[in-house]
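# Notes for the structure review
Each chain, letter by letter, is given below.
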Amino acid sequence: MTGLASAFRVLATAAAALLAVTATAPVAQARPEPKAPEEFVALRSVDPTIIQEMRYPTAHNFMGVPVDGYRQPLCILTRPTALALHRAQTRLLEQGYSLKVYDCYRPQRAVDHFVRWAKDLDDETMKGEFYPRVDKTRLFADGYIAEKSGHSRGSTVDLTLVRLPATPTGPHLPGRQQAPCYAPQAERFPDNSVDMGTGYDCFDTLSHTDDPRIQGTQRANRQFLKKTLTDAGFVNLAEEWWHYTFKPELFPDTFFDFPVARRSVAGH
């Protein structure tokens, strides 16, 4: 019994020592959120006249929920990209138009959210508006969703044109019957932009900038936007009339993941 009691005392002493060490160990700190490099700025600090209707912090997007990483409705871009948009905006204001941005820098965590959603074939909440003619199983193969996005490099922007004076964009009302993004302008979501033939983020070949089925005023509007931005140093993605990248990119090989938030560019 004496030996057994001694063994218990040893175990009790070891347990007490372990508890003491645990009690005095520093508490693990949460990893701080990454901040944007100094080369990134809020677009509003460069040009407050450009209209911002940031879709991904809201539920009015192809997923139907706010997207991971968008803390505030804020357009963040590399400084050269923002300055190039300012130059384009200056020309447009003289002609009675304004740029309107839908999305700018996009964190990698948002892209990851898109990928998770695309793999969930049961979630088709917004199919009626954004991809009525595309089977969700085809989103990766047809190039609508990818695991990396040029937006995460900070020099790509999704945008359109608004005729001045701008009228308010209609509200998104969840549960309301959805109109296809390629429907006539009077029938689809009441965006205050000029008629581009489809709405923003329309997963359809009609969104290709030079699709031959888009004619008349709609084609003229696309070409007006394209010429204005090309003259300012941007390159259009042929599959999306709204998608432009300023060249040369400041970070051509880096995909950032700081959140879309004012604190990410505070002091820049």
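Residues numbered from 1 in each chain as written. Predicted model: local features only at pLDDT ≥ 70, side-chain atom pairs only at ≥ 80, totals over all residues. Heavy atoms only, no water.

### Here's the deal with the state of the cysteines
Counted by the stated rule, this structure contains two disulfides. The disulfide that involves Cys75 links it to Cys104, with 2.0 Å between the sulfurs. Judged by the sign of its S-S torsion, about -100°, the bond between Cys75 and Cys104 is left-handed. Note that Cys75 is positioned in the loop between strand 2 (51–52) and strand 3 (76–78) and Cys104 in the loop between strand 4 (97–103) and helix 4 (108–119), a separation of 29 residues in sequence. Under the relative-accessibility criterion, Cys75 is labelled buried at 0%. Exposure remark for Cys104: the relative accessible area of 0% places this residue in the buried category. A sulfur-sulfur distance of 2.0 Å marks the disulfide that ties Cys181 to Cys202. (Disulfide = S-S within 2.5 Å. Helix = DSSP H or I, 4+ residues; strand = E, 2+ residues; numbered from the N terminus. Buried < 20%, exposed > 50% of the residue type's maximum accessible area, 1.4 Å probe, protein only.)

### Quick word on the packing of helix 3 (residues 79–94) against helix 6 (residues 216–231)
It is the contact of helix 3 with helix 6, at a shortest axis distance of 9 Å, that shows an interaxial angle of 130°. Comparing their axes, helix 6 and helix 3 come out oblique. The element helix 3 and its partner helix 6 pack so that their crossing is right-handed. On helix 6, the residues touching Leu85, Ala88, Arg91 and Leu92 of helix 3 are Phe224, Thr228, Leu229 and Asp231. Looking at side-chain class alone, the contact of helix 3 with helix 6 contains five nonpolar, one polar and two charged residues. (Axes fitted to C-alpha atoms, helices over the stretch in contact; angles between N-to-C directions. Parallel < 35°, antiparallel > 145°, perpendicular 65-115°, else oblique. Left-handed = near helix turned anticlockwise from the far one by under 90°. Contact = heavy atoms within 4.5 Å. Nonpolar A, V, L, I, M, F, W, Y, C, P; charged D, E, K, R; others polar.)

### Details of the side chain of Arg222
Structurally, Arg222 is set in helix 6. This buried residue, Arg222, is left without a salt bridge; Asp211 holds the nearest opposite charge, at 6.6 Å. Among the polar contacts made by the side chain of Arg222, one reaches the main-chain carbonyl oxygen of His208 at a distance of 2.7 Å. Among residues more than four places away in sequence, those in contact with Arg222 are Met196, Gly197, Thr198, Leu206, Ser207, His208, Thr209, Ile214, Trp241 and Tyr244. (Lys, Arg positive; Asp, Glu negative; His and termini not counted. Salt bridge = Lys/Arg side-chain N within 4 Å of Asp/Glu carboxyl O. Polar contact = N/O pair within 3.5 Å; in protein donor to acceptor, adjacent residues only side chain to side chain.)

### Brief notes about the pattern of salt bridges
By the definition in use, this model includes 19 salt bridges. With a shortest N-O distance of 2.8 Å, Lys227 and Asp231 are connected by a salt bridge. Of this pair, Lys227 and Asp231 both sit in helix 6, four residues apart, which is roughly one turn of the helix. Three or more residues are tied together by salt bridges with common partners; here these are Glu33, Arg71, Arg109 and Asp257.

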